Amino acid sequence: MRKKALWLTVVLVAGTMMMLLGCKAKEKGEEAEDSARPAKERPAPAEDKPQTKVVLTCGMPGHPQFEPGKEPENGKCPVCEMKLVEKEIPAEKPQ
């Protein structure tokens with residue numbers, strides 16, 4: 001029984017080491033491929049990420065939205081009395 005447990009341990013350790021070494025070699029290979037690509041084929045960094053801002057709102061259409069820190073003291077919508085929650089919305093682009 002001890003021999004089986006020893007062999008099982010050896011096989012598990014060897015398999016884990018081979019898997020880890022294979023992952024590192026794959027990462028190095030990907031880096032080499034990326035540097036070998038011409039600049040026009042490389043993906044451009046995302047410069048046009050959509051800007052968002054956080055507002056507090058009850059979620060009902062037509063009800064007011066508040067900037068964080070400028071909401072009513074009780075934390076509820078002044079129209080429907082629902083609790084205000086944070087929501088991400090697209091930021092307005094300056095023109």
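What you are looking at is a predicted structure, and each value in this text was computed from that prediction instead of being measured.

Undergrad: Could you clarify how one ought to interpret the overall build of the protein chain in this entry?
TA: Scanning the protein chain for helices and strands turns up 1 helix and 2 strands. Every one of the 95 residues in the protein chain was classed for burial, and the buried ones make up 9%. Put simply, 43% of the contacts in the protein chain that link residues at least 6 apart link residues at least 24 apart. For the protein chain, the exposed area adds up to about 8,900 Å²; of that, 59% sits on carbon and sulfur atoms.

Undergrad: Would you mind going over a nonpolar patch on the surface with me for this structure?
TA: Taken together, the side chains of Leu6, Trp7 and Val10 make up a nonpolar region of the molecular surface, amounting to roughly 340 Å² of accessible area. Residue position: Leu6 is located in helix H1 (residues 2-36). Residue Leu6 is classed as exposed on the basis of its relative accessible area, which comes to 55%.

Undergrad: Just checking my understanding: could you explain the confidence of the model for the protein chain for this structure?
TA: Atomic detail in the predicted coordinates should be set aside for any region of low pLDDT. Summing up the model confidence of the protein chain, the mean pLDDT is 77 and the portion of residues at 70 or higher is 67%. Element-level pLDDT for the protein chain is lowest in H1, with a mean of 74, against a maximum mean of 88 in strand E1 (residues 52-57).

Undergrad: Quick question: what am I supposed to make of the nonpolar core here?
TA: What tends to happen in soluble globular proteins is that the nonpolar side chains get buried as a cluster. Grouped together as the largest cluster of nonpolar side chains are 5 residues: Leu56, Cys58, Phe66, Cys77 and Leu84. Ignoring any residue separated from it by four or fewer positions in sequence, one finds Leu84 in contact with Leu56, Thr57, Cys58, Phe66, Glu71, Pro72, Gly75, Lys76 and Cys77.

Undergrad: Honestly, the pattern of salt bridges in this entry has me stumped. Any pointers?
TA: Two side chains of opposite charge can pair, provided their charged atoms sit close to one another. Overall, the coordinates contain 1 salt bridge when judged by the stated rule. Of the charged contacts, one joins Glu67 and Lys53 as a salt bridge, the two residues approaching to 3.7 Å between their closest N and O atoms. Of this pair, Glu67 sits in the loop between E1 and strand E2 (85-90) while Lys53 sits in strand E1, and the two are 14 residues apart along the sequence. Residue classification places Glu67 among the partly exposed residues on the basis of a relative accessible area of 35%. With a relative accessible area of 28%, Lys53 lands in the partly exposed category.

Undergrad: Got a minute to help me understand the side chain of His63 in this structure?
TA: Note that His63 resides in the loop between E1 and E2. Every residue in contact with His63, bar those within four places of it in the chain, is listed here: Cys58, Cys77, Val79 and Cys80.

Parameters at a glance
- Residues numbered from 1 in each chain as written.
- Predicted model: local features only at pLDDT ≥ 70, side-chain atom pairs only at ≥ 80, totals over all residues.
- Heavy atoms only, no water.
- Helix = DSSP H or I, 4+ residues; strand = E, 2+ residues; numbered from the N terminus.
- Buried < 20%, exposed > 50% of the residue type's maximum accessible area, 1.4 Å probe, protein only.
- Contact = heavy atoms within 4.5 Å.
- Areas by Shrake-Rupley, 256 points an atom, 1.4 Å probe, with all protein chains shown as cover.
- Patch = residues over 30% accessible without salt bridge, like charges linked within 9 Å, V, L, I, M, F, W, Y side chains within 5 Å.
- Salt bridge = Lys/Arg side-chain N within 4 Å of Asp/Glu carboxyl O.
- pLDDT = per-residue confidence, 0-100.
- Core = buried A, V, L, I, M, F, W, Y, C linked by side-chain atoms within 4.5 Å.

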